[in-house]
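Read off the chains here:
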Amino acid sequence: MTDAAARRRGRPRRAESGAAGDTRDRILAAAREQFSEHGYEKTSVRGIAKAAGVDSALVHHYFGTKEQVFQAAVETVFAPALRAPDVIFEGPADEVGERFARFLFGVWENPVTRTPLLAVLRSAVNNEVAAAVFRRLVTSQLLRRVAGRLDLPDAELRAELAAAQLVGVAMMRYVIKLEPLASADMDAIVARVAPVVQRHLTHP
């Protein structure tokens, strides 16, 4: 196959291969912006490519379909939260709820992680395909790992209830921005929420 034919299929030139990581990152950054601004349904591979300054075939080459681009964007954005199982189970068992709450809210409090997380969440809330992608990632990479650390009946249900408690508060505080929750002191929020999370995760 000629170089021209290869490029038509979205393959980068050999000379460009060293910058493949930069190109991929640029496409992901553009995808997050597009999904945030337009939502999942109105975002197209062509629009992502234009925003990234590449040919749409290159987007297909690195990621495949729009759903796969979204999944890659979610995985990148959600990566900090995936450390939760390792963090929350380090230390006394009676402080698991507080560590879980502080860790997850810490991800939201940080503007660097909050902005792209908001982008993918808005798409997930408004579109079933996007929601399914997000759900698969959260279930396989976070909730099942948390449940695997619990030596109690209904471990998966317990992990989901704990996560629902925290995500619900996060949505009200950072997405809906309901007052006085949106401006409340984080330590005060953790003090109220952590005991509930603790009961979900450790109480018989």
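None of these values were measured; they are calculated from a predicted model.

## What about the overall build of the protein?
Looking only at helices and strands, one finds 11 helices and 0 strands in the protein. Each helix and strand of the protein, placed in order from N terminus to C terminus, yields the pattern α-α-α-α-α-α-α-α-α-α-α. In the protein, which comprises 204 residues, the proportion classed as buried is 43%. Contacts in the protein between residues at least 24 apart in sequence constitute 66% of all its contacts with a sequence separation of at least 6.

## Side note on the confidence of the model for the protein
A low pLDDT score tells you not to read the predicted coordinates there in detail. Taken residue by residue, the protein gives an average pLDDT of 83. The fraction at 70 or more is 90%. Confidence scores differ between elements of the protein, with helix 1 (residues 3–8) showing the lowest mean pLDDT of 44 and helix 11 (residues 186–202) the highest of 95. Confidence over residues 14–18 falls short of pLDDT 50; this stretch has 0 contacts with residues more than four positions distant or in other chains.

## A short note on the nonpolar core
Among the nonpolar cores identified, the biggest contains 64 residues, and F78 and F105 are the most heavily contacted of them. Per element, the largest residue contribution to this core is 9 residues, and it comes from helix 9 (residues 128–147). Other than its neighbours up to four places away in sequence, F105 contacts L166, V169, A170, Y174, M186, I189 and V190.

## A short note on the environment of A57
Its location among the elements puts A57 in helix 4 (residues 56–62). Along the sequence, A57 and R46 sit 11 residues apart, while their C-alpha atoms lie 8.7 Å from each other.

## Structural notes on the layout of surface pockets
In this structure, the largest pocket encloses a volume near 380 Å³. Residue assignment for the lining of the largest pocket shows that the elements contributing at least two residues are helix 7 (96–109), helix 8 (111–126), helix 9 and helix 10 (155–175). The element best represented in the lining of the largest pocket is helix 9, accounting for 6 residues.

Calculation notes
Residues numbered from 1 in each chain as written. Predicted model: local features only at pLDDT ≥ 70, side-chain atom pairs only at ≥ 80, totals over all residues. Heavy atoms only, no water. Helix = DSSP H or I, 4+ residues; strand = E, 2+ residues; numbered from the N terminus. Buried < 20%, exposed > 50% of the residue type's maximum accessible area, 1.4 Å probe, protein only. Contact = heavy atoms within 4.5 Å. pLDDT = per-residue confidence, 0-100. Core = buried A, V, L, I, M, F, W, Y, C linked by side-chain atoms within 4.5 Å. 1 Å grid on protein atoms, 1.4 Å probe; cavity = no way out; pocket = protein on both sides within 12 Å on 5 of 7 lines; lining within 4 Å. Points joined across faces, edges and corners; volume = space filled by probe spheres on them.

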